[in-house]
Structure formats: C-alpha cells, structure tokens
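# A look at the structure
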Amino acid sequence: MKKTDYIIVGDGYAAMFFAHRLITAGKDFLLFSEGKKSASQISAGVINPVVLKKFTTFWKAQEQIDNLKTALTDMEAYLGKNFFVNEPVHRIFHDENEKALWQKKSQTVELKPFISNDFKTFNGVNNPFGTGEVLQSARLDVTNFFSKMFDYLSQKNHLVKEKFDYSQLYPKEGMYREIGFNKIIFAEGMGVKENPYFGTIEVQPNKGHNIRVALSKDFSIKETLKKKHFLFPLGDLHYYGGTYDRGQIHTDIDENAISQLENGLREFYPYNFEIVEKNTAFRPTVKDRRPILGRHSEHENLSVFNGLGARGVLNGNYFSEILYRHIEYGEPLPAEVDLQRFQA
Ligand SMILES: Cc1cc2nc3c(=O)[nH]c(=O)nc-3n(C[C@H](O)[C@H](O)[C@H](O)COP(=O)(O)OP(=O)(O)OC[C@H]3O[C@@H](n4cnc5c(N)ncnc54)[C@H](O)[C@@H]3O)c2cc1C
C-alpha cells in the first residue's frame, strides 16, 4: 500500500502554492489534476495591491506582496526560474476628476506605499489624461509558472493526472482507493460544489473571459495598462481581460463578454487588432471577499482551501502558508478567513 503525508485535490493557485509549502517542508504528497484549464491558468496573473475602480487597498496587501516575492524566490531553487515579472500596472484615467482623486489618495497613509503621483503618458495609446502607476504591482508569468510546476511535480512523482473520485475516499480509515494518507487539502476552485464534504461552502462563481490579440501596430509597452481591463504583452501576442459576470453558470464562451473586451480595448488602442484566442473560466468568489480555509468539523484530516476570488496569486500564496501552519502546528486561523465564520 502506498502511504503519503498529503493529498492535494486541484491544480490552480491554491493547490500549487500549498504544494510549494509541502515541497519546502520536505513532505510527501500527491496532487490530483483532472487536466482542465483552470481559472488560474487563464488568469492575467496581475499582482496588484490597489482596487482600481475605487482606488482603495485591501487587508494585508503589503504582507501578501512581501510573502509572494519570498515564495517565488524560494521556488526558483527547484523550478530554475523566478516567474515574477517586474512590470507595474498603469491605470489610464478616464478624466481629470479621476486623476485628481488618484492624486488625493496618493497622499493618504493607506495608499501612499501603492500609488505614485508621478503621472506618465504613453505613446501609441489614447491616454489624454495620463496614467497613474501602481507601486509594487507586477505580474506572474502564468503560462510558464504552471508549465514548470507541472513538469516538476511529474518528475518527482507527485502528479496524478486524474479526477479525484470522492466516492473512493474513506476519511475515517485515512484511505483513498489503495492510498493511505494523513491529510487532504481540497483546492478545487468552483469544482468544490461536487465535493460531498465541503460542497456547501459559500463560494459563488464569477465568470471571467479574456482574449489574446494580435495588435496591428508595433507596440513596445512592457508595462500592464489598465482602463476597463488589463493589457500586456504575452509572447508574440497581447493578453486582454478579464470580464466579470456573476449571473452565468454555463461554460461556453459568451460573445457579449467578448464584445465588452473588444470595446474596452478600442477605448485606448486606436488601431486594428485580431482576436486569436478566447478563454473563459469561473473565479471562486466569496461575499466578504476573503478566502475560505479550515478543517472539516467531523473529519479533522480533511481541509478546504478556496474562495481566492479575483486575487488568486496573492491569496493563493499567502493563505497557503497560514493553512499549512494551522494544520501542522495548530496555529489559529485568522477569524476573517476561517471556514467557521459562516457557521452561525
Ligand atoms: C479571466 C480571469 C482573469 C483573472 N486574472 C487574475 C489576475 O490577474 N490576478 C489574480 O491574482 N487572479 C486573477 N484571476 C482570479 C484567479 O484566477 C482565481 O482566484 C484562481 O484561479 C482561483 O484558484 P483556485 O486554485 O482556487 O481554483 P482554480 O484555478 O479553478 O483551480 C481549481 C482546479 O481544480 C481542479 N479540480 C476540481 N475538482 C477536481 C477533482 N475532483 N479532481 C482533480 N482536479 C479537480 C479543476 O479542474 C481546476 O483546474 C482571474 C480569473 C479569471 C477567470
């Protein structure tokens, strides 16, 4: 019989960053991947401490950024590369009022570390009111991050390329099929709805689309530009996205969302472009905008890691460590992210 410390179910940011904690700690584990293109894999990978609609920041933004930089540096030791792309986000202002608000916010204690009042104008795009830089923002090289992580997990025999079958799980016996385990981390994104142990957790799907576009005119801007959505270079193409839609649950590409993206891009890119690829997936969101972490009330060896929302990279990394320390060392979970907060 095979015996392992951990089983991880899922292969998005939640699963991969939890796997990183196990790799660092020298734990044995198996990670189940059903081979679908997850929300994580189609995400923009933008690392951003500012809410760019309201010009506010969020809980533990600075700690999350610092922790992510450390984790990606640590991952370099076994992946051979650091996937942190040090190109900041520039918010294109809609009008003078927005620019004035940005300026005002840049003087507040909360936003000063994250908002520059040194405005910049880019050539080749419409930005008559200029742009504001989000300090400490960056991107993750998403495609290569996942590709290298999968290669590494496969080489080390951690990767199981199949859907985890809940009917074959015996938590009391600590058995999954013929595999003995100490703990399981369920990190299935919206797939959690099929999970008989955690299927009722309060995550809601928020459907997102992105497009990959070929721009007709040479475009050498390496920074991420953001007006309605994010635009940045990705190989020979550009990534543009993503949309938000809470209403839809079908998995097909929605042409209305694609039109929104086309119109959004046309607002500041004045030349032709061709859509080369369209993608869609569901963000697992929570109404209080905080992840959901914790152990099952009856089966202590089962834990959930979900609800990363629109900030999969920062939340996935930061809270993987919190969950790991909770499980391994009994450190209490912050009440804000504890699964128990929904159980009145
Ligand atoms: C268009 C778009 C753009 C985004 N841009 C950003 C961004 O710029 N920055 C950012 O930080 N976040 C971004 N996000 C949000 C981010 O993608 C999500 O927060 C994140 O993907 C959630 O990660 P997860 O691991 O919880 O879930 P997922 O990424 O959905 O991964 C869960 C995986 O588990 C697998 N799975 C489920 N059940 C099983 C099973 N039984 N057996 C085996 N495998 C299973 C699924 O197939 C899936 O691949 C974006 C999302 C979208 C849709």
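Our structure's up above, just so we're on the same page.
Here's what I pulled together on the structure shown here.

Conventions adopted
- Residues numbered from 1 in each chain as written.
- Predicted model: local features only at pLDDT ≥ 70, side-chain atom pairs only at ≥ 80, totals over all residues.
- Helix = DSSP H or I, 4+ residues; strand = E, 2+ residues; numbered from the N terminus.
- Rg over C-alpha atoms; globule rule 2.2 N^0.38 Å.
- Buried ≥ 20, exposed ≤ 12 C-beta atoms within 10 Å, placed from the backbone.
- Contact = placed C-beta atoms within 7 Å.
- Near = placed C-beta within 6 Å.
- Nonpolar A, V, L, I, M, F, W, Y, C, P; charged D, E, K, R; others polar.
- Domains from an automatic or database assignment.
- Pairing = 2+ DSSP bridges.
- Axes fitted to C-alpha atoms, helices over the stretch in contact; angles between N-to-C directions.
- Expected span 1.5 Å × (residues − 1).
- Arc of directions from axis to C-beta.
- Parallel < 35°, antiparallel > 145°, perpendicular 65-115°, else oblique.
- Left-handed = near helix turned anticlockwise from the far one by under 90°.

The subject of this paragraph is the overall build of the chain. Tallying secondary structure elements over the chain gives seven helices and 18 strands in all. Scaling as 2.2 N^0.38, a compact globule of 344 residues should have a C-alpha radius of gyration of about 20 Å, and the chain matches this with 21 Å. Along the first, second and third principal axes, the C-alpha set of the chain runs to 65 × 45 × 40 Å. Relative to its full complement of 344 residues, the chain shows a buried share of 41%. A fraction of 72% describes how many contacts in the chain between residues 6 or more apart in sequence connect residues 24 or more apart.

The next subject is the site of the ligand. Near the ligand lie 40 residues; those nearest to it are G12, G189, G191, G242 and G312. Those elements giving two or more residues to the shell around the ligand turn out to be α1 (13-25), α2 (39-42), β12 (204-215), β16 (273-285) and α7 (312-329). A class-by-class count of the residues in the shell around the ligand yields 17 nonpolar, 16 polar and seven charged. Of the residues that make up the shell around the ligand, three or more belong to each of domain 1 (2-45 + 143-202 + 288-342) and domain 2 (204-285).

Strand order in this open sheet of seven strands is β6-β5-β13-β14-β15-β12-β16, and the pairing throughout is mixed. Each having just a single partner strand, β6 (131-134) and β16 make up the two edges of the open sheet. Across this sheet, the average inter-strand angle for adjacent strands is 25°, counted without regard to direction. Both strand β14 (residues 230-234) and strand β15 (residues 237-241) contribute to a ladder of five bridges, which runs antiparallel. Counted as the bridge partner of F230 is G241 from β15. On top of the sheet, helix α6 (residues 255-266) reaches β12, β14, β15 and β16; it is set at about 50° to β12, its chief contact.

In an α-helix, one full turn covers 3.6 residues, which means residues spaced three or four apart are oriented alike. Taking 1.5 Å per residue as the helical rise, helix α5 (residues 142-155) with its 14 residues ought to reach 20 Å, and the 20 Å between its terminal C-alpha atoms agrees with that figure. Of the positions making up α5, those classed as buried are V142, F145, F146, M149 and L153. Taken around the axis of α5, the buried residues stretch over an arc of 90°, which confines them to a single face. Contacts from the buried residues of α5 go to α1, β2 (29-32), α2, α3 (61-79), β7 (138-140) and β8 (159-160). Positive phi shows up at N157, right after α5, with a value of about 60°.

With that out of the way, let us pick up the packing of α3 against α7. Put simply, α3 and α7 touch, their axes get as near as 9 Å, and they point 80° apart. Between α3 and α7, the crossing angle belongs to the class labelled roughly perpendicular. Here E63, Q64, N67, L68 and A71 of α3 come into contact with α7, specifically with V313, L314, N317, Y318 and E321. Among the residues making up the contact of α3 with α7, the classes are represented as five nonpolar, three polar and two charged.

The next point concerns α6. Taking 1.5 Å as the rise per residue, α6 with 12 residues should run 16 Å; its terminal C-alpha atoms sit 16 Å apart, in good agreement. Taken together, the buried positions of α6 are A257, L261 and L265. Along the axis of α6, the buried residues cluster in a sector spanning 75°; they form a single face. Residues of α6 that are exposed and point over 90 degrees away from its buried face: E255, N256, S259 and N263. Each element contacted by the buried residues of α6 is listed here: β12, β14, β15 and β16.

Here the focus is the sheet that holds strand β4 (residues 84-85). Within a sheet, adjacent strands bond to each other through the backbone by hydrogen bonds, running parallel or antiparallel. Across the sheet, which stays open at both edges, the three strands sit in the order β3-β7-β4 with antiparallel pairing between neighbours. This sheet does not close on itself; its edge strands, each paired only once, are β3 (46-47) and β4.

Take the packing of α1 against α7 next. In a packed pair of helices, the relevant descriptors are the angle between the two axes and the axis-to-axis distance. The N-to-C vectors of α1 and α7 enclose an angle of 45°; their axes lie 8 Å apart at closest approach. As summarised for this structure, α1 and α7 are arranged oblique, according to the angle between their axes. Crossing hand, α1 versus α7: right-handed. The residues of α7 that touch α1, namely those facing Y13, A14, F17, F18, H20 and R21, are G312, V313, G316, N317, S320, E321, L323 and Y324. Of the residues contributing to the contact of α1 with α7, the split by class is seven nonpolar, five polar and two charged.

Here the focus is the environment of L293. Relative to the elements of secondary structure, L293 occurs in strand β17 (residues 292-295). Separated by 290 residues in the primary sequence, L293 and K3 place their C-alpha atoms 25 Å from one another. Residues within four places of L293 in sequence aside, it is in contact with V304, F305, F319, I322, L323, L333, V337, D338 and L339.

Take unusual backbone geometry next. For the bond from G241 to G242, the omega torsion is -5°, close enough to zero to count as cis. Turning to its location among the elements, G242 is positioned in the loop between β15 and α6. One non-glycine residue, K60, lies in positive phi territory at about 60°. When you line up the elements, K60 lands in the loop between β3 and α3. With phi around 60°, R289 is a residue other than glycine that occupies positive phi space. Tracing the sequence through the fold places R289 in the loop between β16 and β17.

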